[in-house]
Amino acid sequence: MVALISPEHAEFPSHPRLKLGVMASGSGSNFEAIAQSIQDGHLNADIQVVIYNNPGAKVVDRANRFNVPAVLLNHREFASREDLDQAIVKALKQHSVEWVIMAGWMRIVTPVLIEAFRDRILNIHPSLLPSFKGNRAVEQALEAGVKIAGCSVHLVVPEVDSGDIIIQAAVPVLAEDTIETLQARIHAEEHRIYPAAIAIAAANSL
């Protein structure tokens, strides 16, 4: 069952302590939200490693602040997506990762990664799936004239943005919204729901 949570409340069901690996391509704001939730005692987990693919990505600075090792796997240096994912799987396993958290990972992953962590890879997408899959989700929502946008955390499967939905949060679309203003409010909801979604997914897997 999909949880659609209110702005004031997010449940963190109990589960064994998790060993997370976070994959990020950019600023790492969702990484920080998850790390802060762990530090505050809400999410029962440890982040074992951050995998990033863009040299200079700001997620490294955030990882350093939380004393989390960061590993660069530059996709430009791999002949194929499969080769990259093989390197990612190797790095994740070297750090004893149990759950993979895609937090702004801007690359399509392959069955090489998905099968290595079957039903234990989560992604966050800036729409109320199944609406507006793929790139430019916020732009798609504005172009479609919808009154409610939002974000979804889902399990990762080979078809993009199509896995089982764990949790969603709705965001009203205002008449004066631009891509930037709507995206900012959606990001705020992403930071709020992702830690709870990890706990829900872990509890559901027991």
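Right above here is the structure, for reference.
Residues numbered from 1 in each chain as written. Predicted model: local features only at pLDDT ≥ 70, side-chain atom pairs only at ≥ 80, totals over all residues. Heavy atoms only, no water.

S.K.: Explain helix α3 (residues 81–94) to me, please; I cannot follow it from the model alone.
M.R.: Residues lying three or four places apart along an α-helix face the same way, a consequence of the helix completing one turn every 3.6 residues. Its 14 residues give α3 an end-to-end C-alpha distance of 20 Å, which sits within 8% of 20 Å, the value for a rise of 1.5 Å per residue. Within the span of α3, buried status applies to Leu84, Asp85, Ala87, Ile88, Val89, Ala91 and Leu92. Of the surrounding elements, those touching the buried residues of α3 are β2 (18–24), β3 (45–52), β5 (99–102) and α4 (111–116). (Helix = DSSP H or I, 4+ residues; strand = E, 2+ residues; numbered from the N terminus. Expected span 1.5 Å × (residues − 1). Buried < 20%, exposed > 50% of the residue type's maximum accessible area, 1.4 Å probe, protein only. Contact = heavy atoms within 4.5 Å.)

S.K.: Can you walk me through the pattern of salt bridges in this structure?
M.R.: Charged atoms that come close allow side chains of opposite charge to pair. Taken as a whole and judged by the stated rule, the model has seven salt bridges. With a closest N to O distance of 2.7 Å, Arg136 and Glu143 form a salt bridge. Residues participating in the shared-partner salt-bridge network are Glu32, Arg62 and Arg65. (Salt bridge = Lys/Arg side-chain N within 4 Å of Asp/Glu carboxyl O.)

S.K.: What's the story with the packing of aromatic side chains in this structure? I'm lost.
M.R.: Any two aromatic rings considered together are summarised by their centre-to-centre distance and by the angle between their planes. Tallied over the full model, the rule gives one aromatic pair. Ring plane angle 90° and centroid distance 6.1 Å describe the contact between Phe31 and Phe66, whose orientation is recorded as edge-to-face. Taken as a pair, Phe31 in helix α1 (residues 29–39) and Phe66 in the loop between α2 (59–65) and β4 (70–72) lie far apart in primary sequence, 35 residues in all. The burial state of Phe31 is the same as that of Phe66; both residues are buried. (Phe/Tyr/Trp six-rings, centres within 6.5 Å; stacked < 30°, edge-to-face > 60°.)

S.K.: Looking at this model, I keep getting lost on helix α5 (residues 137–144). Mind explaining?
M.R.: By the burial criterion, the buried members of α5 are Ala137, Val138 and Ala141. Taken down its axis, α5 places every buried residue within 100° of arc, on the same side. The elements touched by buried residues of α5 are β6 (121–125) and α6 (179–204). Immediately beyond the C-terminal end of α5, within one or two residues, lies Gly145, with a positive phi of roughly 75°. (Arc of directions from axis to C-beta.)

S.K.: Could you clarify how one ought to interpret the layout of surface pockets in this entry?
M.R.: If you roll a probe as big as a water molecule over the atoms, it shows you where there is empty space left. Of the volumes computed, that of the largest pocket is approximately 890 Å³. As for the largest pocket, its lining consists of 36 residues, and the residues nearest its centre are Gly104, Trp105, Met106, Ile124 and Pro126. Elements supplying a minimum of two residues to the lining of the largest pocket: α1, β6, α5 and α6. Looking at the lining of the largest pocket, the element that brings in the most residues is α6, giving four residues. Broken down by class, the residue content of the lining of the largest pocket amounts to 14 nonpolar, 15 polar and seven charged. (1 Å grid on protein atoms, 1.4 Å probe; cavity = no way out; pocket = protein on both sides within 12 Å on 5 of 7 lines; lining within 4 Å. Points joined across faces, edges and corners; volume = space filled by probe spheres on them. Nonpolar A, V, L, I, M, F, W, Y, C, P; charged D, E, K, R; others polar.)

S.K.: What is the right way to read unusual backbone geometry from this model?
M.R.: Where the residue is not glycine, phi is negative for most of them; where a peptide bond is considered, it is trans in most cases. Going from Leu129 to Pro130, the amide bond is cis rather than trans, its omega being 15°. If you trace the backbone, Pro130 turns up in the loop between β6 and α5. Backbone geometry at Asp119 places phi at a positive 60°, although glycine is not the residue there. Along the polypeptide, Asp119 turns up in the loop between α4 and β6. Even without being glycine, Asp161 reaches a positive phi, approximately 55°. Residue position: Asp161 is located in the loop between β7 (148–155) and β8 (165–172).

S.K.: How do you make sense of the environment of Ser25 when you look at a structure like this?
M.R.: As for its placement among the helices and strands, Ser25 is situated in the loop between β2 and α1. For Ser25, a relative accessible area of 6% translates into the label buried. Sequence separation of Ser25 and Pro55 is 30 residues, and the distance between their C-alpha atoms is 9.0 Å. Setting aside residues up to four positions removed in sequence, Ser25 forms contacts with Asn53, Asn54, Ala57, Gly104, Trp105 and Met106. A distance of 2.7 Å separates a polar atom in the side chain of Ser25 from a polar atom in the side chain of Asn53. (Polar contact = N/O pair within 3.5 Å; in protein donor to acceptor, adjacent residues only side chain to side chain.)

S.K.: I'm lost on the packing of α1 against α6 in this one. Help?
M.R.: Geometry of a packed helix pair, given as the angle between the helix axes and the separation of the axes. Running from N to C, α1 and α6 point in directions that differ by 55°, and their axes come no closer than 9 Å. In terms of axis orientation, α1 runs oblique to α6. Along this stretch, α1 crosses α6, giving a crossing that reads as right-handed. For the pair α1 and α6, the contacting residues are Ser29, Asn30, Ala33, Ile34 and Ser37 in the first and Glu190, His191, Tyr194, Pro195 and Ile198 in the second. Residues belonging to the contact of α1 with α6 are distributed by class as follows: five nonpolar, four polar and one charged. (Axes fitted to C-alpha atoms, helices over the stretch in contact; angles between N-to-C directions. Parallel < 35°, antiparallel > 145°, perpendicular 65-115°, else oblique. Left-handed = near helix turned anticlockwise from the far one by under 90°.)

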